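Read off the chains here:
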Amino acid sequence: MEESNNYGHQHPLLLILNQDQLIHNQSGVTHCSRCGEEVSVPCFCCVEHCGFYLHKACADAPLELNHPFHPHHPLVLLQEPPSSYTGCVCDFCDKTCQKFIYHCSCELDFHIKCALFTFNVAENNLKELDHVSLQHPLISTGNGDEELEDVSKCFGCREPLAKYTQFSPDCRFNLHEKCAKLPFKLNHNCHHKHPFTLQFNSERLSCKICQVTRRRGFVYGCSPCKFVVHIECVSESLDLVVEDKRHRHPLTLLLRGSSFICDACGTEGSYASYICCTCNIMVHKKCTSLPRIIKSKWHDHRLFHKYFLRIEDFRVLDCIICHDEVNTEHGSYYCSKCTVIFHVKCVMEDKDSYEIVENEDEESPDESVSSITKVLERNDAGEATVIEHFKHNHYLILSDRVGEYDDKCCGGCLLPIVASFYYCTLCDFFLHKVCVELPKVKHVWHHRCRPPLVLISNEVFECVQCLWLSNAFAYKCEECETRTCFRCIIALTPGACTCLGHKHPLLFYPKYIGRCVACGKDGIKGLFRCKDCDFSLDHKCFSLPITSQYKNDQHLLSLAYGDDNSYSESHFCDVCEESRDPNLWFYNCATCDTSAHINCVLSEYPFLKLGSIFKLREEVHEHPLTVVKKIYYYPNCEDFRVLDCIICHDEVNTEHSSYYCSKCPVIFHMECVMKYKDSYAIVENEDEESPDESVSSITKVLERNDA
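In every chain, residue numbers begin from 1 and rise along the written sequence. Reporting of local features is limited, given that this is a predicted model, to residues whose pLDDT is at least 70; pairs of side-chain atoms are given and counted only at 80 or more, and all residues count toward the totals for whole chains, interfaces and linings. The basis for every side-chain value is the complete set of non-hydrogen atoms in the structure, without hydrogens or water.

- Where an unreviewed UniProt entry is consulted, the protein chain appears under the name Zinc finger PHD-type domain-containing protein, with the organism given as Gossypium hirsutum.

## Some words on the overall build of the protein chain
Consideration 1: Helix and strand definitions here come from DSSP, where helices need a minimum of 4 consecutive H or I residues and strands a minimum of 2 consecutive E residues; each element is numbered from the N-terminal end. Each helix and strand counted, the protein chain has 11 helices and 49 strands in total.
Consideration 2: We call two residues contacting when some pair of their heavy atoms lies within 4.5 Å. Restricting to contacts in the protein chain with at least 6 residues of sequence separation, those with at least 24 account for 49%.
Consideration 3: Note on areas: these come from Shrake-Rupley sampling with a 1.4 Å probe, and a residue is covered only by the protein chains present in the view. When the accessible area of the protein chain is evaluated, it comes to approximately 38,100 Å², of which 47% is carbon and sulfur surface.

## Let's talk about unusual backbone geometry
Excluding glycine, most residues fall at negative phi; most peptide bonds, likewise, are trans.
Consideration 1: For Glu107, which is not a glycine, the phi torsion comes out positive at approximately 70°.
Consideration 2: Here Glu107 lies in the loop between strand S7 (101-104) and strand S8 (108-111).
Consideration 3: Its identity is not glycine, yet Thr339 carries a phi of approximately 50°, on the positive side.
Consideration 4: Relative to the assigned elements, Thr339 resides in the loop between strand S23 (332-335) and strand S24 (340-342).

## Observations concerning the pattern of salt bridges
Consideration 1: Salt bridges are counted wherever a side-chain nitrogen of Lys or Arg sits within 4 Å of a carboxyl oxygen of Asp or Glu. For the structure shown, the criterion picks out 15 salt bridges.
Consideration 2: Salt-bridge contacts for Lys408 lead to Asp428; the nearest nitrogen and oxygen are separated by 3.4 Å. In this pair, Lys408 is assigned in the loop between strand S28 (396-399) and strand S29 (421-423) and Asp428 in the loop between S29 and strand S30 (430-432), connecting sequence segments 20 residues apart.
Consideration 3: For Lys408, a relative accessible area of 25% gives the class partly exposed.
Consideration 4: Burial classes follow relative accessibility: with a 1.4 Å probe on protein chains only, a residue under 20% of its type's maximum area counts as buried, one over 50% as exposed, and anything between as partly exposed. Relative accessible area serves as the criterion here: at 54%, Asp428 is assigned to the exposed category.
Consideration 5: Shared partners join several salt bridges into a network, and the residues in it are Asp94, Arg158 and Arg216.

## Concerning the UniProt feature "domain: Zinc finger PHD-type" (unreviewed entry) in the protein chain
Consideration 1: UniProt positions are given in the numbering used here, feature names are shortened, and annotations may be inferred rather than shown by experiment. The feature "domain: Zinc finger PHD-type" (unreviewed entry), as annotated in UniProt, sits at residues 206-266, 318-355, 409-467, 572-638 and 644-681 in this numbering.
Consideration 2: For residues 318-355, helix accounts for 13% and strand for 24%, while the C-alpha atoms at its two ends are 23 Å apart.

## Description of the sheet that holds strand S21 (residues 293-296)
Consideration 1: Sheet architecture is open: 5 strands sit in the order S24-S23-S22-S21-S25, paired in antiparallel fashion. The two strands at the open ends of the sheet, each matched to only one other strand, are S24 and strand S25 (354-356). The mean angle between the axes of side-by-side strands here comes to 35°, regardless of whether they run parallel or antiparallel.
Consideration 2: Strands are treated as partners if at least two bridges between them are detected by DSSP. Both S21 and S25 contribute to a ladder of 3 bridges, which runs antiparallel. Paired with Ile294 across the two strands is Ile356, which belongs to S25. A fitted line through C-alpha atoms serves as each axis, taken over the contacting stretch for helices, and the angle formed by two N-to-C directions is quoted from 0 to 180°.

## Comments concerning the confidence of the model for the protein chain
Consideration 1: You can read pLDDT as the predictor saying how much it trusts each residue, on a scale of 0 to 100. When pLDDT is averaged across the protein chain, the result is 79; 82% of the residues are at 70 or more.
Consideration 2: The low-confidence segment residues 684-695, where pLDDT is below 50, has 9 contacts with residues more than four positions distant or belonging to other chains.

## Overview of the nonpolar core
Consideration 1: By nonpolar core is meant a set of buried Ala, Val, Leu, Ile, Met, Phe, Trp, Tyr and Cys residues that side-chain atoms within 4.5 Å join together. Counting 110 residues, the largest nonpolar core has Phe342, Phe528, Leu537 and Trp585 as the members making the most contacts within it.
Consideration 2: For this core, the element with the highest residue contribution is helix H8 (residues 486-491), accounting for 4 residues.
Consideration 3: In this structure, Ile16, Phe69, Cys97 and Cys157 belong to the second largest nonpolar core, which totals 63 residues.

## Focus on the packing of aromatic side chains
Consideration 1: Classification of ring pairs rests on two measures: the distance between centres of Phe, Tyr or Trp rings, Trp counted by its six-membered ring, which must be within 6.5 Å, and the angle between planes, read as stacked under 30 degrees, edge-to-face over 60 and tilted in between. Scanning the entire structure with this criterion turns up 21 aromatic pairs.
Consideration 2: With a centroid separation of 6.0 Å and an interplanar angle of 45°, the aromatic rings of Phe92 and Phe117 are classed as tilted. Of this pair, Phe92 sits in the loop between strand S6 (75-78) and S7 while Phe117 sits in helix H2 (residues 112-122), and the two are 25 residues apart along the sequence.
Consideration 3: When its relative accessible area of 0% is taken as the criterion, Phe92 is described as buried.
Consideration 4: Aromatic pair Tyr561 and Trp585: ring centres 4.8 Å apart, planes at 80°, arrangement edge-to-face.

## Considerations on H2
The α-helix advances 3.6 residues per turn, and as a result positions three or four apart in sequence lie on the same side.
Consideration 1: Judged by how many residues are buried, H2 sits mostly within the fold: 10 of 11 residues are covered.
Consideration 2: Of the residues one or two after H2, Asn124 is the one with positive phi, at around 60°.

## Remarks on the environment of Lys226
Consideration 1: Following the sequence through the fold, Lys226 ends up in the loop between strand S15 (218-222) and strand S16 (227-230).
Consideration 2: Judged by relative accessible area, which is 45%, Lys226 ranks as partly exposed.
Consideration 3: Residues Lys226 and Ser206, 20 residues apart in the sequence, show an inter-C-alpha distance of 9.8 Å.
Consideration 4: Contacts of Lys226, omitting those with residues within four sequence positions, involve Glu203, Leu205 and Lys208.
Consideration 5: In protein, a polar contact requires one atom able to donate a hydrogen and another able to accept it; more generally it is a pair of N or O atoms within 3.5 Å, and residues adjacent in sequence count only if both atoms are side-chain atoms. At 2.7 Å, the side chain of Lys226 forms a polar contact with the side chain of Glu203.

## Quick word on the environment of His539
Consideration 1: With respect to the helices and strands, the residue His539 is situated in helix H9 (residues 539-542).
Consideration 2: Residue classification places His539 among the buried residues on the basis of a relative accessible area of 12%.
Consideration 3: Separated by 48 residues in sequence, His539 and Ala491 place their C-alpha atoms 6.7 Å apart.
Consideration 4: Not counting residues up to four positions away in its chain, the partners in contact with His539 are Gln465, Cys466, Cys488, Leu492, Phe508 and Phe528.

## Brief notes about the side chain of Thr385
Consideration 1: Tracing the backbone through its elements, the reader meets Thr385 in strand S27 (residues 384-389).
Consideration 2: Residues contacting Thr385, with those up to four places away along its chain left out, are Glu377, Arg378, Asn379, Leu396, Ile397, Leu398 and Tyr422.

## Examining the sheet that holds S6
Consideration 1: Read across the open sheet, the 4 strands follow the order S5-S6-S7-S8; overall the sheet is antiparallel. Each edge of the open sheet carries a strand with a single partner, namely strand S5 (64-65) and S8.
Consideration 2: Bridge count for S6 against S7 is 3 bridges, and the pairing is antiparallel. Paired with Val76 across the strands is His103, a residue of S7.
Consideration 3: This element, H2, spans S5, S6, S7 and S8 of the sheet and lies at about 95° to S8.

## Examining the state of the cysteines
Consideration 1: Throughout, disulfides are identified as pairs of cysteine sulfur atoms within 2.5 Å of each other. Applying the stated rule across the entire model yields 0 disulfides.
Consideration 2: Free cysteine Cys90: the closest other cysteine sulfur is in Cys114, separated by 3.7 Å.
Consideration 3: Free cysteine: Cys277, not disulfide-bonded; nearest cysteine sulfur from Cys276 at 6.8 Å.
Consideration 4: Its relative accessible area of 67% is what places Cys277 among the exposed residues.

## Description of the environment of Leu396
Consideration 1: Among the secondary structure elements, Leu396 is positioned in strand S28.
Consideration 2: Here the alpha-carbon distance between Leu396 and Thr385, two residues 11 residues apart in the chain, equals 8.1 Å.
Consideration 3: With near-sequence residues (within four places) excluded, Leu396 lies in contact with Thr385, Val386, Ile387, His389, Tyr422, Tyr423, Cys424, Phe429 and Leu431.

This is the structure we're talking about:
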């Protein structure tokens, strides 16, 4: 045991060389006071045993480190990240820095060990790493076997570790052996002016070969020319000639010093490119392997890549994703069925949002799954007039007699019948034509899971997008089990949308933050925007019913988009009798001259089908329950002796939606029943007796009295 200076600590420190001499805390683990990691020998400890420990490497760390990978500024040792930081992440290992760090004014930050380790790599001090075995990392499969880990990445090139042998000093650093032995200086034919030096990408420049910007890891760079290339792009051998499946001629490598526009993706490139001398097209190296056909979450049909498109084949040349114009003189993705067009960079930005189609002739399963199981009759225009639908047991007949059924609601979206619809002649069932034609499965861009969403009905759910409670048609993810209501699916479908409250088409911008003109809320992320004027709607207001029923009015109320009446006394709600902002949307009956807040008309649960019947587990309640929105919908409300919820025993507000049992009779809060949503089933046929209810202990009744 050797005494040493105190390295800024108030007590002397002792050098410990034997692991048994460490005094652990109550948790059995001792941490270094500089790097925060578990201490191992050799290390320094406080002679007063006050809990101060230092790794020997941390204790010997210089206050300033002139790092070869960052020659222009010294790295300064700080006790903690700068006060201006909200968080600090190491630019080598990508993990959080909380204690001592090496910091540079150009916003480079490193753990002490990371700075010292990379310093050894830069100085070619590989003897410091001789004790580390060179092997692939193994992970447990859970059944006693081990397999190669392909998730972790090399800290130098950011490529998966399982591809190559690597160092992993102290079970902490992941570095390929080839990356640890990279030459410090390198001459390369893509930059003849100066040699490359191995360095950190402190200026966050994009690689001149692959065009990708990466902050962490090593790069080869030329500081005077502001030129960087990823180490894997330098080390890869650039093929002189490549074959592109989307082009009939081979492409030849061209190294040049000027920039160009890639004919495959339409974005800028420089230095390394591939050119077709016959057709005079020039593409990035990465674009030589662009998939020709993909299935994207942004569109229902397959998308094809093509180098050049004819303008006359498209009604609109705006990208469906970003809404900016697509230059048809360069490559893009398009749908041959819908004649819509996409930027390559927009489609390929998220690798989880698309799948590569290998076989062009193979039919996509998602495109062939229709909700209409059988078409029995068609009219002269080819429309299906009599159909079988997988969500109903009887035939459905097409009709456009909207005015005759304005008191009815669509069983799919639960909105009033205001457009062409199908109806059942045997029961009170209606479906809008657009609801009938929904596909059974669907990919949507706003859902992150890989599998497509599945069309469901007869489930009470909270929509993951608009948060309304509903039992209308919805799309369910079998992986994360979230549901998205049909109204949100339609609203968020890419493309220009029309709104009755505005004369121009609206486009949805997922990242735009602003104010909704309908509800007045500000700071909303994701809005429908008009390109021609300052008009924005959040998707919840965009999906509001155009018409709605209300108990105090015999007519359908219509959605109004602004009050032209300057008389201030008219600016109040006829439901809650409170003031109303005339600049915000509201519901209005022109015949009765009544106006009301949107929330007052829609109430709490506007998309729960009135009269839906639910069967709970027997221990919750033995009889079916019926959904009602107000007390006056109860068939025999005078039979309710007590209006307390059977589950929580608090009084039920009869002006709010609730459940009731007509047999007992008892009443339930809507939110109390929803606590048991995993234990109920929706009853399709109200008249059909539940098998549980028919099993009585009385086998036969021989006589009854007058009661």
